[in-house]
Amino acid sequence: MGSSAVVSAQNLGLTFKTNDGDVVALSDVNLSIDKGEFVSFIGPSGCGKTTFLRTIADLEQPTSGKLTINGQTPGNARKDRAYGYVFQAPALYPWRTIEKNVALPLEIMGYSAAQQAERIARTTALVNLSGFEQKYPWQLSGGMQQRASIARALAFDADLLLMDEPFGALDEIVRDHLNSELLKLWAATKKTICFVTHSIPEAVYLSTKIVVMSPRPGRVTDVIESDLPAERPLDIRETPEFLAIAARVRDGLRAGHSYDGDHV
Amino acid sequence: MQRIGPIIVMLIAIVLVWYGAAIGMNAPWQNDVYRRGEVTNVPATQFIYDTWNQEKPVLPTAHQVFGEVWNSTVLVAPNKPRSLIFHAWVTFSATGLGFLMGSLLGIGLAVLIVHNEAMNRSLMPWIVASQTIPILALAPLIVVIGFNIFTGTLGIPTDPARLMSKAIISAYLSFFPVAVGMVKGLRSPETIQLDLMHTYYASPNQTFWKLRWPAAMPYLFTSLKVGVAASLVGAIVGELPTGAVAGLGARLLAGSYYSQTIQIWAALVAASMLAALLVIAVGIVERLVNRAMGARPA
């Protein structure tokens, strides 16, 4: 903990100023993420989980508290290219082939042609897209496009991977498949992953730590350390241990949020 | 065949209406001719034939117009002032130069507007206002004053000076669609694509060349097609008020001085063919660029 943490948030708050008044997106968030952890952020819409991820990425500016990435400010971490970001949509550039899309960050960061070729080959293999390098995005399925965007985020070897509901738009079969592939990828690369999701099974299946959040104002209501084994076949989701963690996540969500809408 | 059918039917309809209208519109003059020549009892077929073959008809018929086009292109050496190709070339050179200047100006303005909010607020109203002034009012000013400046102060020979004056009018008309289209195009990348660049700590230059510019290509070519047609109109308008002796505009003006309606129509046909060729040329470049950018075949 402390200075060794990859992500460290202390009393972090973020308030958006809008025409309808202030919206408190994050309030008093305290969190520490260590190297190599797989952390899921789960909560209903408007709980600030995406905002928190974007704050780590220096895409939003906190209005109070302190946030450090590898001991630096988010701005400096971004300059260091400390993280790769996977968005909800693949956001591939349609005029670039898969290979060229993966090369995009490498071109921007000034890698040589030889380094680019090596990294493209390595990361496309890692997400099982070898053989599709010359295809354009529209020639690929949604799941393959999102895998290409993960390869793009991995290409420049940042140790931190920020994923904002990357599989949210995909059907359940593809999603299960990509989840188990993501675990393998995490085991192979030893990266620290922050993963935003709406899905309780997805969060429990993937994570070593689950951060449960609630809206109005966005805050952390529970942090659950998962004791599931590192090796996780898909049918681990039927085991009592898995279901116990899922139940605790569900409780945390219920406690933090009224589904009757009487608080609104 | 299914696609050609309607086109042929439409074409036949146009020709029928054309020849029908020619009978009615040319009849008064034809009756006059008969009266003066004291010709009576003209058979209907002879009457119709005569209305279709007058020397200075109110409405020339298709075979007269295309006959004139044929005579003044194929049968005349292209460097003679009698040749429509000669005039089309003069107009085309002004159109091309003006289109190039207008497109570059339009793109440049769009880049400034997209990158600078102050520019957006200060330039955009002027760009819109510039197009509310009738070009017919402005063209003589530009042609006369511009020509005098070019030949006088700058000491440029008369022919390039005349070309430049016309090109400026072309550019004045064509920069607008390009500027407006490119502003939209350069702003077309989605937030998520811009955020991606932000996470890479990309420089504004990199964001421009790797994202905004390629994203704007479809918008650019749509604007260029409008712009190239506007350029041609500009060049022709630029040839009208100067007493110019060369160019399709001069040909139109000369035709109207001497009531050479067939010549006017032939020049109009030449102008529309030139416009079609220019738009097709832009379309071909667009297709090549699309292919290089991996666009999904339509």
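Because the structure is predicted, anything quoted here is derived from the model rather than measured.

## Side note on the domain arrangement of chain A
And then number 1: Annotation of chain A at the domain level lists domain 1 (1–43 + 63–74) and domain 2 (92–158 + 168–191).
And then number 2: Using C-alpha coordinates to define each centre, domain 1 of chain A is positioned 28 Å away from domain 2 of chain A.

## With respect to the pairing of strand E6 (residues 160–164) of chain A
Residues and elements named next belong to chain A.
And then number 1: Of all 5 residues in E6, 5 are buried, a share of seventy percent or more.
And then number 2: Residues Leu-160, Leu-162 and Asp-164 of E6 are buried on one face, and the alternating residues Leu-161 and Met-163, pointing to the opposite face, are buried as well.
And then number 3: Pairing analysis gives 4 bridges linking strand E5 (residues 83–86) to E6, with the strands arranged parallel. Counted as the bridge partner of Tyr-85 is Leu-162 from E6.

## Side note on unusual backbone geometry
All names here are of chain A.
And then number 1: In this chain, Arg-216 is followed by Pro-217 through a cis amide linkage whose omega measures -10°.
And then number 2: Relative to the helices and strands, Pro-217 resides in the loop between strand E8 (209–214) and strand E9 (219–225).
And then number 3: Located in the positive-phi region is Asp-28, a residue other than glycine, with phi close to 50°.
And then number 4: Asp-28 gets classed as partly exposed once you count the C-beta atoms within 10 Å, which come to 16.

## Considerations on the sheet that holds E6 of chain A
All names here are of chain A.
And then number 1: The strand order across the open sheet built from 6 strands is E5-E6-E7-E3-E8-E9, with neighbouring strands paired in mixed fashion. What marks the edges here is a single partner per strand, and that holds for E5 and E9. Looking at each pair of strands side by side, their axes are set apart by 15° on average, direction ignored.
And then number 2: Along the sheet, helix H1 (residues 49–56) contacts strand E3 (38–42), E6, strand E7 (192–197) and E8; its crossing angle with E7, the most-contacted strand, is approximately 150°.
And then number 3: Sheet strands in contact with helix H5 (residues 142–154) are E5 and E6, and its direction is about 165° off that of E5.

## Let's talk about the sheet that holds strand E1 (residues 7–18) of chain A
All names here are of chain A.
And then number 1: Taken in spatial order, the 3 strands of this open sheet run E2-E1-E4, and their pairing is antiparallel. The open sheet has two free edges, formed respectively by strand E2 (21–33) and strand E4 (64–69), since each of these has just one partner strand. Here the strands of the sheet are splayed against their neighbours by 30° on average, with no regard to which way each runs.
And then number 2: Where E1 and E4 come together, 5 bridges link them in antiparallel fashion. Residue pairing across strands places Val-7 opposite Ile-69, the latter belonging to E4.
And then number 3: Sheet contacts for H1: E1, E2 and E4; angle to E2, the most-contacted strand, approximately 65°.

Thresholds applied
Residues numbered from 1 in each chain as written. Chains lettered and ligands numbered in written order. Predicted model: local features only at pLDDT ≥ 70, side-chain atom pairs only at ≥ 80, totals over all residues. Domains from an automatic or database assignment. Buried ≥ 20, exposed ≤ 12 C-beta atoms within 10 Å, placed from the backbone. Helix = DSSP H or I, 4+ residues; strand = E, 2+ residues; numbered from the N terminus. Pairing = 2+ DSSP bridges. Axes fitted to C-alpha atoms, helices over the stretch in contact; angles between N-to-C directions. Contact = placed C-beta atoms within 7 Å.

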